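Notes for the structure review
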Amino acid sequence: MTVGTGIDLHAHSNASDGTDTPAELVRAAADAGLVVVALTDHDTTAGWATAAAARPTGLTLIRGAEISCRWHGAQPAVSLHLLGYLFDPTYPPLADELDRVRAARTVRGERIVDLLRADGVDITWDEVLGYAAGGTVGRPHIAQALIRAGLVASTDEAFRPQWLGQRYRLPKDDLDVFTAVRLVQEAGGVTVFAHPLANRRGRTVPDSMIVELAAAGLTGLEVDHVDHDPAERAHGRRLADDLGLVATGSSDYHGSHKTVGLGANTTSVAGYEQLIAKAHGVPPL
Ligand code: AMP
Ligand code: FE
Ligand code: FE
Ligand code: ZN
């Protein structure tokens, strides 16, 4: 639950791999005592309209997305997530890239299911598409099928190396992270590097890359996140201070796909105001 400000800048609906509908998400945000919530589904803005229509009075909705990106400065390249906020969703160069990434996720999801089926796992692609409910397909939807088949007990277990974490993991299409920062900026939005120091999720980038990204127009670093330990948070805060970046905090809520609750981490009012002051693609609602 919210301690302090009640500003949560990272949450997923079933427009991607969350389990709440966008309407349920905004209602849950208000019920959790939040005053601001950002809807940041993976590679899509499809939930924006229904979230906006259902927004309770007194809750500010920040429309955003979490963009699948890659940094090519290391070998092999490092996958990472970039939060984009308040950008014009119709700006063609960005919308086209998100379309491409979503289409590739569908192909990849079906391939993962094929690999599992080839090993005798009794799940189907139709079933997975049903769990995705028309939203961006992700491994959590395949995890749901594995749970239904009785092979794992939780999403977390489905992400172990012998399942979707490694053995049945296929790469995703994504955007070069510098291109993504530029496109969101051109679309009038601002960007925050999501969980940049979360070693437990996979390889992370060196600080020197974050310095370059700041110079290229990045606005913030997500510092307070469930996947950052206290040392990583302290380091992230220092880095943000040094580079003039906004340090944000957010839950990365995914409904029942993850255990974290809305408002588990929050952003300061000052940080929030700095962030939205730079954006002009679409307004906060
Ligand atoms: P994908 O987007 O298909 O590559 O799947 C990654 C998504 O799976 C992330 O956005 C998280 O929502 C979720 N995820 C990743 N690792 C885990 C984990 N260990 N336990 C539960 N969910 C996870
Ligand atoms: Fe996710
Ligand atoms: Fe993420
Ligand atoms: Zn997320």
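Residue numbering note: each chain is counted from 1, following its sequence as written. Lettering for chains starts from A, numbering for ligands starts from 1, and both go in the order in which the items are written. Note on the predicted model: pLDDT of at least 70 is required for a residue's local features to be given, and 80 or more for side-chain atom pairs to be given and counted; whole-chain, interface and lining totals, by contrast, use all residues. As a convention, hydrogens and water are excluded, and side-chain values are obtained from all of the structure's heavy atoms.

As for the overall build of the protein
For the purposes of this entry, the term helix denotes a DSSP run of H or I that reaches at least four residues, the term strand denotes a run of E that reaches at least two, and both are numbered from the N terminus. Looking only at helices and strands, the protein has 10 helices and 8 strands in total. At 18 Å, the protein has a C-alpha radius of gyration in line with the 19 Å of a compact globule built from 285 residues. Considering only C-alpha atoms, the protein reaches an extent of 55 × 45 × 40 Å along its principal axes. For the exposure calls, accessible area comes from a 1.4 Å probe over protein chains only, and a residue counts as buried if that area is under 20% of its type's maximum, exposed if over 50%, partly exposed in between. Of all 285 residues assigned to the protein, the portion counted as buried reaches 53%. Note on contacts: a residue pair is in contact if any heavy atoms of the two residues lie within 4.5 Å. Of the contacts formed within the protein by residues at least 6 apart in sequence, a portion of 72% connects residues at least 24 apart. We get accessible surface area from the Shrake-Rupley algorithm with a probe of 1.4 Å; when it comes to residues, only the shown protein chains can shield them. Carbon and sulfur atoms make up 51% of the accessible area of the protein, which totals about 11,700 Å². Within these notes, the globule rule equals 2.2 Å times the number of residues to the 0.38 power, and the radius of gyration is based on C-alpha atoms.

Description of the coordination of the zinc ion (ligand 4)
The zinc ion (ligand 4) binds to the protein through H10 (NE2), H12 (NE2), E66 (OE) and D252 (OD), with metal-donor distances spanning 2.0 to 2.2 Å. Distances up to 2.8 Å from the metal define which N, O and S atoms are donors, and 3.2 Å serves for Na, K and Ca; water is absent from the atom set, so sites may look incomplete. Every geometry call rests on angle ranges, with four donors termed tetrahedral when all angles are between 85 and 135 degrees, four termed square planar and six termed octahedral when opposite donors are over 155 degrees apart and all others are between 65 and 115, and everything else termed irregular. For the zinc ion (ligand 4), the 4 donor atoms are set out with angles of 78 to 170° between them, so the coordination reads as irregular. Read from N- to C-terminus, the donor residues coordinating the zinc ion (ligand 4) fall into the pattern H-x1-H-x53-E-x185-D. Judged by its relative accessible area of 2%, D252 falls in the buried class.

Remarks on the packing of aromatic side chains
Both the distance between ring centres and the angle between the ring planes are used here to describe each pair of aromatic rings. The criterion for an aromatic pair is that two Phe, Tyr or Trp rings (for Trp, the six-membered ring) have centres within 6.5 Å, with stacked assigned to planes under 30 degrees apart, edge-to-face to planes over 60 apart and tilted to the rest. Counted under the stated rule, the structure contains 2 aromatic pairs. Here the aromatic rings of W163 and Y168 are separated by 6.2 Å at their centres, their planes lie at 25°, and the arrangement is stacked. Under the relative-accessibility criterion, W163 is labelled buried at 15%.

What to know about the packing of helix α4 (residues 125-132) against helix α5 (residues 139-148)
Axes here mean lines fitted to C-alpha atoms, for a helix over just the part in contact, with angles spanning 0 to 180 degrees between N-to-C directions. The geometry of α4 relative to α5 is characterised by a closest axis approach of 8 Å and an angle of 120° between their N-to-C directions. When the axis of α4 is compared with that of α5, the two are oblique. Seen from above, α4 lies across α5 with right-handed handedness. For the pair α4 and α5, contact is made by E127, V128, Y131 and A132 and by H141, I142, Q144, A145 and R148, respectively. Amino acids outside the nonpolar list (Ala, Val, Leu, Ile, Met, Phe, Trp, Tyr, Cys, Pro) and the charged list (Asp, Glu, Lys, Arg) are all regarded as polar, and Gly is one of them. Split into classes, the residues belonging to the contact of α4 with α5 amount to 5 nonpolar, 2 polar and 2 charged. For classification, angles of less than 35 degrees are called roughly parallel, those exceeding 145 degrees roughly antiparallel, those between 65 and 115 degrees roughly perpendicular, and all remaining angles oblique. Should the near helix be turned anticlockwise from the far one by less than a right angle, the crossing is left-handed, and should it be turned clockwise, the crossing is right-handed.

Structural notes on the layout of surface pockets
Taking a probe equal in size to a water molecule and rolling it over the atoms shows the remaining empty space. Using only the protein atoms, space was sampled on a 1 Å grid; points where a 1.4 Å probe fits but cannot get out form cavities, open sets with protein on both sides within 12 Å along at least five of seven lines form pockets, and lining residues are those with an atom within 4 Å of a point. Grid points are joined across faces, edges and corners, and a volume is the space filled by probe spheres set on the points. Volume-wise, the largest pocket comes out at about 1,400 Å³. For the largest pocket, the lining is made up of 47 residues, of which H81, R139, F159, R169 and R201 are closest to its centre. Elements with a minimum of two residues in the lining of the largest pocket: β3 (60-71), β4 (78-85), α3 (92-118), α5 and α6 (155-158).

Regarding the coordination of the iron ion (ligand 2)
Donor atoms from the polypeptide that coordinate the iron ion (ligand 2) comprise D17 (OD), D17 (OD), H42 (NE2) and H254 (NE2), at 2.1 to 2.7 Å from the metal. Viewed at the metal, the 6 donor atoms of the iron ion (ligand 2) are separated by angles of 51 to 157°, and the geometry they form is irregular. Donor residues for the iron ion (ligand 2) sit on one chain with the sequence pattern D-x24-H-x211-H. A separation of 5.7 Å is found between the iron ion (ligand 2) and the iron ion (ligand 3).

Re the domain arrangement of the protein
An automatic or database domain assignment supplies the residue ranges for each domain. For the protein, the domain assignment lists domain 1 (7-100 + 172-278) and domain 2 (105-158). The distance between the C-alpha centroids of domain 1 and domain 2 comes to 25 Å. Between domain 1 and domain 2, the residue contacts involve 10 residues of the former and 10 residues of the latter. Buried area is understood as the total, over both parts, of accessible area removed when two parts are fitted together, assessed with a 1.4 Å probe. Between domain 1 and domain 2, roughly 850 Å² of surface is buried when both sides are summed, and carbon and sulfur atoms account for 46% of that area.

As for the environment of G165
Mapped onto the fold, G165 is located in the loop between α6 and β5 (175-176). For G165, a relative accessible area of 23% gives the class partly exposed. Residues G165 and R201 lie 36 residues apart in sequence; the distance between their C-alpha atoms is 9.7 Å. Discounting chain neighbours no more than four positions away, the residues touching G165 are R139, A158, F159 and R160.

Quick word on the pairing of β3
In terms of residue burial, β3 counts as a mostly covered element, since 11 of its 12 residues are buried. Of the strand pairs in this sheet, strand β2 (residues 36-42) and β3 are connected by 7 bridges, and their pairing is parallel. If you follow D41 over to β3, its bridge partner there is A65. Note on handedness: a crossover is taken as right-handed if, strands pointing away from the viewer, the path from the first strand over the helix to the second is clockwise. Handedness of the β2-helix α2 (residues 48-54)-β3 crossover: right-handed. As paired strands, β3 and β4 are joined by 8 bridges and run antiparallel to one another. For C69, the partnering residue across the bridge sits in β4 and is L80. Here β3 folds back onto β4 in antiparallel fashion, the turn holding 6 residues. What makes two strands pair is DSSP finding at least two bridges between them.

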